[in-house]
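Structure at a glance
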Amino acid sequence: MSTLTVSRTPALRGRISVPGDKSISHRALILGMLAAGENRVRGWLPAGDTLATLGAVRALGIDVLRENETSLRFQGGGLREPAAPLDCVNAGTCMRLLAGALVGQTFPSVLDGSPQLRRRPMARITGPLRAMGASISDTDGRAPLHIEPAPLHGHEHTLSVASAQVKSAILLAGLHAEGATVVHEPGPSRNHTEVMLQAIGADLKVDKHTVHLAAAQPRLEPLELDVPGDISSAAFVLVAAACLPGSDVVIEHVGLNPTRTGILEVLARMGSDVASTEREESGGEPLGTLRIRGGDLRGVSLGGDLIVRAIDELPVIAVAAAQAAGETRITVAAELRVKEVDRIAVVAQELRKLGVQVSEQPDGMVVEGGHPLKGTAVDSHGDHRIGMMLAVAGLFAEGETHIQNAGCIADSFPGFAATLAALGAEVRTA
Ligand code: S3P
């Protein structure tokens, strides 16, 4: 596994774009395989997690043509029984959304993944899917998941956590259910599945935090999709630039779906000079350009809906907090404990090695900012977002920061180190 070394950098400057949105790239394959006709997807993310979904969709008999790294063309429909368990590797989205898509098929399947993915909770999807009549079993609440064909019926679900993966698994199952499927969520989780389903002709309506999907959808149109850049990848560059006075960075063609833009609100509340210009829409997804300039930051208290809209950005927000004057409190974020790793424990453990004053709370953390950091050896724990947030911290730590097990960064952001280097950072991989 590679080590990424980052040196203290005075400022970042330049104009970049980031790879395609991971959530939308997974969905493009999974919804496209259910559609009738030829799908065309451009700007697709070629990263570890989405390549796992590509492998699984191919194993289900879909002949996906990669015209180049980021352009896909494939015919939907005609799924067939896979010859072996489908390997979702590290990708929770792949496993949970495929489970929803497969419970209504006429053949059995098994979903499995890496030891990391096997540790993550799956009862949150198997329970609701069983309530729709699905025959799906988990292994002590975790993967592997075993699916047998069964007739599905509609159901009204009330979720206890705002989770796009759970909501999406239910909606994908609902496509094959007799009777309507309704999902009530406690907060605004990302809505890419709903946006995409509406774009391909599903009878789906959204009313605040409730989604209604009509009974069995007869035919879905194929996708014609341009995937925007991933705001969750852009977030690492945004925080890095925000923390380094003198920085001036423009990020083009970034997805600006309001269920994903919590990071922009957090940075603005911390006093950062961040601006977004919405330029266009692709397949119902807004996108545009971001510009950020470095400067002084102040601590903030974060909770409520903002947490859901910035859930994947909270690790790197902890880094911004370390550079801000005063205290930052992150609350109602217990979901962080069931991501690729326990992101509350691991963020606290690794940032402390660099000198950050951070205390772990059951549902979040408190960071006392403004203390100088000192580079040392730190570890990603195999989690791409932990690897990248440590690299961002390394940009303002004294000396060199060595991020061990950095290969996992390519699970979501291939070219991360090259992107930082293009903006003037001193980074090297060994
Ligand atoms: C995702 C939903 C979120 C997010 C994950 C991707 C998705 O997870 O953390 O990185 O693509 O639907 P939850 O739905 O579990 O909150």
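Attention here is on the structure that accompanies the text.

About the cut-offs
Residues numbered from 1 in each chain as written. Predicted model: local features only at pLDDT ≥ 70, side-chain atom pairs only at ≥ 80, totals over all residues. Heavy atoms only, no water. Helix = DSSP H or I, 4+ residues; strand = E, 2+ residues; numbered from the N terminus. Rg over C-alpha atoms; globule rule 2.2 N^0.38 Å. Buried < 20%, exposed > 50% of the residue type's maximum accessible area, 1.4 Å probe, protein only. Areas by Shrake-Rupley, 256 points an atom, 1.4 Å probe, with all protein chains shown as cover. Lys, Arg positive; Asp, Glu negative; His and termini not counted. Charge placed at Lys NZ, Arg CZ, Asp CG, Glu CD. Disulfide = S-S within 2.5 Å. Near = heavy atom within 4 Å. Polar contact = N/O pair within 3.5 Å; in protein donor to acceptor, adjacent residues only side chain to side chain. Nonpolar A, V, L, I, M, F, W, Y, C, P; charged D, E, K, R; others polar. Domains from an automatic or database assignment. Pairing = 2+ DSSP bridges. Axes fitted to C-alpha atoms, helices over the stretch in contact; angles between N-to-C directions. Contact = heavy atoms within 4.5 Å. Salt bridge = Lys/Arg side-chain N within 4 Å of Asp/Glu carboxyl O. 1 Å grid on protein atoms, 1.4 Å probe; cavity = no way out; pocket = protein on both sides within 12 Å on 5 of 7 lines; lining within 4 Å. Points joined across faces, edges and corners; volume = space filled by probe spheres on them.

Once that is clear, we can look at the overall build of the chain. Each helix and strand in the chain was counted, giving 14 helices and 26 strands. For 430 residues, the compact-globule estimate of 2.2 N^0.38 gives 22 Å, and the C-alpha radius of gyration of the chain, at 21 Å, lies within 12% of that figure. Principal-axis analysis of the C-alpha atoms places the extent of the chain at approximately 60 × 40 × 40 Å. Counting across all 430 residues of the chain, residues that qualify as buried make up 59%. Of the roughly 15,100 Å² of accessible surface on the chain, 49% is carried by carbon and sulfur atoms. In the chain, which carries 39 positive and 48 negative side-chain charges, the distance between the mean positions of the two groups comes to 2 Å.

Here the structure, examined in full by the defined rule, presents zero disulfides. Free of any disulfide, Cys 94 has its nearest cysteine sulfur in Cys 88, 3.5 Å distant.

This paragraph deals with the site of the ligand. Taken together, the residues surrounding the ligand are Ser 23, Arg 27, Thr 93, Ser 163, Ala 164, Gln 165, Arg 190, Ile 311, Asp 312 and Lys 339. Side-chain polar atom of Asp 312 to an oxygen atom of the ligand: 2.7 Å apart, as the coordinates give it. A distance of 2.7 Å separates an oxygen atom of the ligand from a polar side-chain atom of Lys 339. Of all elements in the fold, only helix 1 (22-32) and helix 6 (164-174) reach the threshold of two or more residues within the shell around the ligand. Residue composition of the shell around the ligand, by class: two nonpolar, four polar and four charged. Both domains that furnish three or more residues to the shell around the ligand are identified here as domain 1 (3-20 + 228-429) and domain 2 (22-226).

Judged by pairing direction, the sheet is mixed, and its four strands sit side by side in the order 11-13-15-14 without closing on themselves. The two strands at the open ends of the sheet, each matched to only one other strand, are strand 11 (156-158) and strand 14 (204-207). Strand-to-strand twist across the sheet, computed as the mean angle between neighbouring axes with direction ignored, equals 15°. Relative to strand 15 (residues 210-213), strand 13 (residues 181-184) runs antiparallel, the two sharing four bridges. The residue of strand 15 that forms the bridge with Val 182 is His 212. Running over the sheet, helix 6 touches strand 11, strand 13, strand 14 and strand 15 and is turned about 170° from strand 13. Here helix 7 (residues 192-199) sits on the sheet and contacts strand 14 and strand 15; the angle it forms with strand 14, its principal contact strand, is near 140°.

On inspection of all chains with the given rule, the structure shows 30 salt bridges. Notably, a salt bridge pairs Glu 185 with Lys 167, separated by 3.1 Å at the nearest N-O pair. Of this pair, Glu 185 sits in the loop between strand 13 and helix 7 while Lys 167 sits in helix 6, and the two are 18 residues apart along the sequence. The buried category is assigned to Lys 167, whose relative accessible area is 1%. Residues Asp 383 and Arg 343 are paired through a salt bridge, measuring 2.8 Å at the closest nitrogen-oxygen approach. Residue Asp 383 is found in the loop between strand 24 (377-379) and helix 13 (384-394), and its partner Arg 343 is found in helix 12 (residues 343-353); the two are separated by 40 residues along the sequence. For the pair Asp 383 and Arg 343, one class covers both residues: buried. One salt-bridge network, held together by shared partners, links Arg 120, Arg 190, Asp 312, Glu 340, Arg 343, Asp 383 and Arg 385.

The subject of this paragraph is the pairing of strand 14. Pairing of strand 14 with strand 15 involves four bridges; the strand directions are antiparallel. Paired with Asp 207 across the bridge in strand 15 is Thr 210.

Looking at where Thr 401 falls in the secondary structure, it is placed in strand 25 (residues 400-404). Since its relative accessible area comes to 0%, Thr 401 is described here as buried. Once the C-alpha coordinates of Thr 401 and Ala 430 are considered, the two residues, 29 residues apart in sequence, prove to be 13 Å apart. Those residues in contact with Thr 401 that lie beyond four places of it in its chain are Leu 4, Thr 5, Val 6, Leu 354, Gly 375, Thr 376, Val 378, Leu 390 and Gly 394.

This part takes up the sheet that holds strand 23 (residues 364-368). Reading across the sheet, the four strands line up as 20-21-23-22 and stay open at both edges, with mixed pairing between neighbours. Looking at the sheet topology across the chains shown, the edges are occupied by strand 20 (301-302) and strand 22 (357-361). In terms of strand pairing, strand 20 meets strand 21 (residues 327-330) through two bridges, oriented parallel. Each bridged residue has a counterpart across the sheet, and for Leu 302 the counterpart in strand 21 is Ile 330. With respect to the sheet, helix 11 (residues 314-323) is in contact with strand 20, strand 21 and strand 23, its orientation differing from that of strand 23 by roughly 20°.

Moving on, we come to empty space enclosed by the protein. Within the structure shown, the criterion is met by one cavity of 30 Å³ or more. In the lining of the largest cavity, the residues fall into five nonpolar, three polar and three charged.

Taken as a whole, the largest pocket holds about 670 Å³ of empty space. Along the walls of the largest pocket sit 40 residues, with Ala 162, Ser 163, Ile 311, Glu 335 and Lys 339 positioned nearest its centre. Among the elements of the structure, helix 1, helix 3 (92-102), helix 6 and helix 10 (305-308) are those that each provide at least two residues to the lining of the largest pocket. Looking at the lining of the largest pocket, the element that brings in the most residues is helix 1, giving four residues. When grouped by side-chain class, the residues that make up the lining of the largest pocket number twelve nonpolar, twelve polar and 16 charged. Counting contributing residues per domain, the lining of the largest pocket is built from domain 1 (3-20 + 228-429) and domain 2 (22-226), each supplying no fewer than three. Elements supplying a minimum of two residues to the lining of the second largest pocket: helix 7 and strand 15. For the lining of the second largest pocket, the element with the highest residue contribution is helix 7, accounting for three residues. Classifying every residue of the lining of the second largest pocket gives four nonpolar, seven polar and four charged.

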